[in-house]
Amino acid sequence: MNEIISYFSTIPSSHRSLILVGGITIFWLIENSFPLFRMPYKKWPHAGINFFFTFTTIVVNFILAFILIKTANWTIENHFGLLQWISPIPIWLYTILGLLLLDLIGAYLAHFVQHKFKYLWQFHIVHHTDTWIDTTTANRHHPGESIIRFVFTTLGVLIVGAPMWMVFLYQSLSVVASQFNHANISLPEKLDTFLSYFIVSPNMHKVHHHYVLPYTDSNYGNIFSIWDRIFGTFTSLPKEELIYGVDTHMKSEENNTLKNLLKIPFQKSRSFKNS
């Protein structure tokens with residue numbers, strides 16, 4: 001455990017980039033060999049759009065990183081946050097509890113709120129417009145949403161009182177988990193179901209990308225599936241019935257052109273057509 005703490009306390013930016021690129025590469029190769037769906041799309045042009053949003057997400061987080069670092073350091077220096085107020089506990093329990101809470105606030109809550117507030121949804125909808133879900137979809141976030149998510153991540157660090165090594169560990173796990181549960185991979189049904197009791201599995205998250213309510217407003221989790229089960233937002237749907245996208249933006253010129261995707265948050269909002 002001490003080795004993990006030491007590594008993530010000083011993890012180089014190059015290693016964090018390698019985790020991002022390595023994850024996409026591995027899941028890209030797996031989904032080519034064992035796809036959940038044989039999707040009729042040009043994979044590289046599709047990836048190009050999602051890679052653009054991956055790049056903008058990296059830029060936003062890089063520019064704002066100093067806020068996160070200062071927040072984490074402040075919580076430790078001032079003994080602030082949930083982890084700092086509990087009695088001394090074993091480091092493994094401290095780490096698991098911290099990761100769970102960061103996932104609750106920085107991922108589950110952030111995701112839930114973006115679905116419930118119209119203005120925030122206008123940014124998040126860009127992620128849902130993808131009608132060909134694969135591992136590159138994981139980082140398909142409008143730059144505006146990247147800022148929104150960063151705010152929730154910082155709030156999570158503040159409330160949890162997480163040290164920076166834990167934040168880096170959580171972000172690394174989060175990247176890989178998101179690439180995994182978005183990947184167009186076919187797992188044995190029983191294995192996927194088993195995994196879904198602990199982490200967000202591919203089939204579980206794909207339900208969230210079904211194009212109509214109430215499925216769009218379910219399965220908000222990122223790493224841990226416990227939050228959806230606790231808060232009653234877990235649901236399931238046979239993979240044969242899945243249709244990706246969001247019913248308000250099903251036209252190709254709306255969901256598959258970079259120019260329009262960047263404009264969506266500033267266009268007139270649309271109500272869901274179906275429920």
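My aim in this report is to walk through the structure given alongside it, one point at a time. Numbers given for residues are sequential positions, taken from 1 along each chain in its written order. With pLDDT at 70 or above as the cut-off, local features in this predicted model cover only qualifying residues; side-chain atom pairs require 80 or more to be listed or tallied, and sums for whole chains, interfaces and linings still use all residues. Values reported for side chains reflect all heavy atoms of the structure, with hydrogen atoms and water molecules removed beforehand.

1. Here we look at the nonpolar core
Stated precisely, the cut-off is as follows: Within this scheme, the nonpolar core is defined by two criteria: the residues are buried Ala, Val, Leu, Ile, Met, Phe, Trp, Tyr or Cys, and they are joined through side-chain atoms within 4.5 Å. A 1.4 Å probe rolled over the protein chains alone gives each residue an accessible area, and that area as a share of the maximum for its type sets the label: buried under 20%, exposed over 50%, partly exposed in between. Helix and strand assignments come from DSSP, with helices taken as H or I runs of at least 4 residues and strands as E runs of at least 2, each series counted from the N terminus. Contact definition: two residues touch when any of their heavy atoms are within 4.5 Å.
L102, V160, W165 and M166 are the most contacted members of the largest nonpolar core, which totals 32 residues. Only helix 1 (2–9), helix 3 (43–77), helix 5 (91–116), helix 7 (143–160) and helix 8 (164–182) provide two or more residues apiece to this core. Filtering out sequence-adjacent residues up to four positions away, W165 remains in contact with M1, I5, F8, S9, I91, Y94 and T95.

2. Let's talk about the side chain of T95
Tracing the backbone through its elements, the reader meets T95 in helix 5. Owing to a relative accessible area of 5%, T95 belongs among the buried residues under this scheme.

3. Considering the packing of aromatic side chains
Note the following rule: Pairing of aromatic side chains requires ring centres within 6.5 Å, counting the rings of Phe and Tyr and the six-membered ring of Trp. Pairs whose planes differ by under 30 degrees are stacked, by over 60 edge-to-face, and all others tilted. Ring-over charges, as used throughout, are those where CZ of Arg or NZ of Lys falls within 6 Å of the ring centre and within 35 degrees of the ring normal.
All told, the structure shown has 17 aromatic pairs when counted by the stated rule. Consider the rings of F112 and Y220, whose centres lie 5.4 Å apart with planes at 80°: the pair is edge-to-face. Taken together, the residues F112 in helix 5 and Y220 in the loop between helix 10 (202–208) and helix 11 (226–230) connect sequence positions 108 residues apart. Seen from their ring centres, Y119 and F123 are 5.4 Å apart, and the 80° between their planes marks the pair as edge-to-face. Separated by four residues within a single helix, Y119 and F123 lie in helix 6 (residues 118–128), roughly one turn from each other. The class of F123 is buried, set by a relative accessible area of 8%. Joined through ring pairs, the aromatic side chains of Y108, F112, Y220, W227 and F231 make up one cluster. The residue whose ring lies beneath R229 is Y197, and the NZ or CZ to ring-centre distance is 4.4 Å. Here the basic side chain of R229 rests over the ring of F234, its NZ or CZ set 4.1 Å away from the ring centre.

4. Comments concerning the packing of helix 2 (residues 13–33) against helix 3
As a reminder of what qualifies: Interaxial angles span 0 to 180 degrees and are taken between N-to-C directions of axes, which are lines fitted to C-alpha atoms, for helices over the stretch in contact. The labels follow the angle: roughly parallel below 35 degrees, roughly antiparallel above 145, roughly perpendicular from 65 to 115, and oblique for the rest. A clockwise turn of the near helix away from the far one marks a right-handed crossing, whereas an anticlockwise turn of less than a right angle marks a left-handed crossing. Classification used: nonpolar for Ala, Val, Leu, Ile, Met, Phe, Trp, Tyr, Cys and Pro, charged for Asp, Glu, Lys and Arg, polar for all others including Gly.
Remark: helix 2 packs on helix 3, axes separated minimally by 13 Å, with the N-to-C direction vectors making an angle of 160°. When the interaxial angle is binned, helix 2 and helix 3 end up roughly antiparallel. In the packing of helix 2 onto helix 3, the handedness of the crossing is right-handed. Two secondary-structure elements touch here, helix 2 through L20, I24, W28, E31 and N32 and helix 3 through K43, W44, A47, F51, T54 and I58. Per-class residue counts for the contact of helix 2 with helix 3 are seven nonpolar, two polar and two charged.

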